[in-house]
Amino acid sequence: MANDDNYPVESDRRRFVKGVVGGAALSGLLTVGAVSVTLTTTPSGGGGGTMDYRGAARELGPAPRGLPQIPIEIDDDGYVQGMWPEPETVEEGGVEFEVSQTEFEVDGETVTYSTEWFQYCGLQTFDGIRPDADQDAYLRYDEAVPTNDYPWMENISPGSQIHVDDFEDYEDWGNDVGDAGIGQPATATWRSQDVPPEQKIPVLLIRSEEIEAMAEEDEWIAQTCPEGFVAFINKCTHFCCVPGYKRLGESANYDAENKIYCNCHQSVYNPFNIIEERFVSLPRPEDD
Ligand code: FES
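Keep in mind the model is a prediction, meaning the values are calculated, not measured.

Peer 1: What am I meant to see in unusual backbone geometry here?
Peer 2: A negative phi angle characterises most non-glycine residues, just as the trans form characterises most peptide bonds. Phi at Asp107 takes a positive value of approximately 55 degrees, unusual for a residue other than glycine. Relative to the elements of secondary structure, Asp107 occurs in the loop between strand S9 (95-106) and strand S10 (109-114). Note on Asp107: relative accessible area 59%, which makes it exposed. The phi angle at Cys121 is positive, at roughly 55 degrees, despite the residue not being glycine. Along the chain, the position of Cys121 falls in the loop between S10 and strand S11 (139-141). For Cys121, a relative accessible area of 4% gives the class buried.

Shown next as structure tokens:
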């Protein structure tokens, strides 16, 4: 599959936000006293443009950038969800559409999290990626549970919501790839209820003591990775294959047996090194 993420067409546009609070949440150059932001961005459609985002650092291979991180929240009953901020209406070039974004304070600076981080590799056309789509934000186990690689998932019900207690062995878990005790993984989907299989948003979720340790030193991790959970969109930023964490023995050939490995062209991502990067997010098709 070709990667249309790599070849954006850029143009200058001006973004106007309806609502002062929502406007402050946009990244870019905010003008004082008015809620307008100038961004270099992509052609018309719903959202997109130059984005600073956070993700698992690319360490090897042809992938152009890191795997986008999904900030995690855990509800009062212990169910795991990916953060999906309340949508707000913006206007660009005379076109109105919805965006979902919020701000974090990290080391005295503002970091804007936007669901536009995930608009690449065709995901921008998926139902669930629309900010105002009906789908909720809970993570659910993949319908095709990879029990050969992750035997611990044998007893879970495919499609069910993910609960913290399911990962009670995370401090010791291991399989026959790499080392035990690095992190317990699951494959999941997000905002993908009631959509055809080709529209499901793939997610890799890991609970790890490494993440817990990082959260003690890193304000971003502390706010987005509760109880040691870290999540990523599981689509390679190279040609959009689905990478795996501790799923293929050949990953050891690339020093990736404890990392995320894409066997299509041997790209390696480190889930325990979350960095900030920039890319050009693709616009969604026109909002209805
Ligand atoms: S390395 Fe090419 S698609 Fe992942």
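Peer 1: I would appreciate a short explanation of the side chain of Ser208 in the present structure.
Peer 2: Checked against the element boundaries, Ser208 lands in the loop between strand S13 (201-207) and helix H2 (209-217). Residue Ser208 is classed as buried on the basis of its relative accessible area of 0%. A polar side-chain atom of Ser208 sits 2.6 Å from the main-chain carbonyl oxygen of Ile182. With residues up to four places along the chain from it excluded, the contact list for Ser208 reads Tyr170, Ile182, Gly183, Gly228 and Phe272.

Peer 1: Please explain the sheet that holds strand S14 (residues 229-233) as it appears in this structure.
Peer 2: In any sheet, the strands associate via hydrogen bonds between backbone groups, in a parallel or an antiparallel arrangement. An order of S11-S12-S13-S14-S5-S4-S17-S16-S15 is seen for the 9 strands of this open sheet, with the pairing classed as antiparallel. Here the strands that pair on one side only, and so sit at the sheet edges, are S11 and strand S15 (244-245). Relative to S13, strand S12 (residues 184-190) runs antiparallel, the two being bridged by 7 bridges. Its bridge partner lying in S13, Pro185 is registered against Ile206.

Peer 1: Sorry if this is basic, but what is going on with the pairing of S13 here?
Peer 2: Working note: regular strand, side chains alternate between the two faces of the sheet. Counted residue by residue, S13 has 7 buried out of 7 residues, so it is predominantly covered. Judged by which residues are buried, S13 turns out to be covered on both faces: Ile201, Val203, Leu205 and Arg207 on one side and Pro202, Leu204 and Ile206 on the other are all buried. Relative to S14, S13 runs antiparallel, the two sharing 5 bridges. Within the sheet, the bridge partner assigned to Arg207 lies in S14 and is Phe229.

Parameters at a glance
- Residues numbered from 1 in each chain as written.
- Predicted model: local features only at pLDDT ≥ 70, side-chain atom pairs only at ≥ 80, totals over all residues.
- Heavy atoms only, no water.
- Helix = DSSP H or I, 4+ residues; strand = E, 2+ residues; numbered from the N terminus.
- Buried < 20%, exposed > 50% of the residue type's maximum accessible area, 1.4 Å probe, protein only.
- Polar contact = N/O pair within 3.5 Å; in protein donor to acceptor, adjacent residues only side chain to side chain.
- Contact = heavy atoms within 4.5 Å.
- Pairing = 2+ DSSP bridges.

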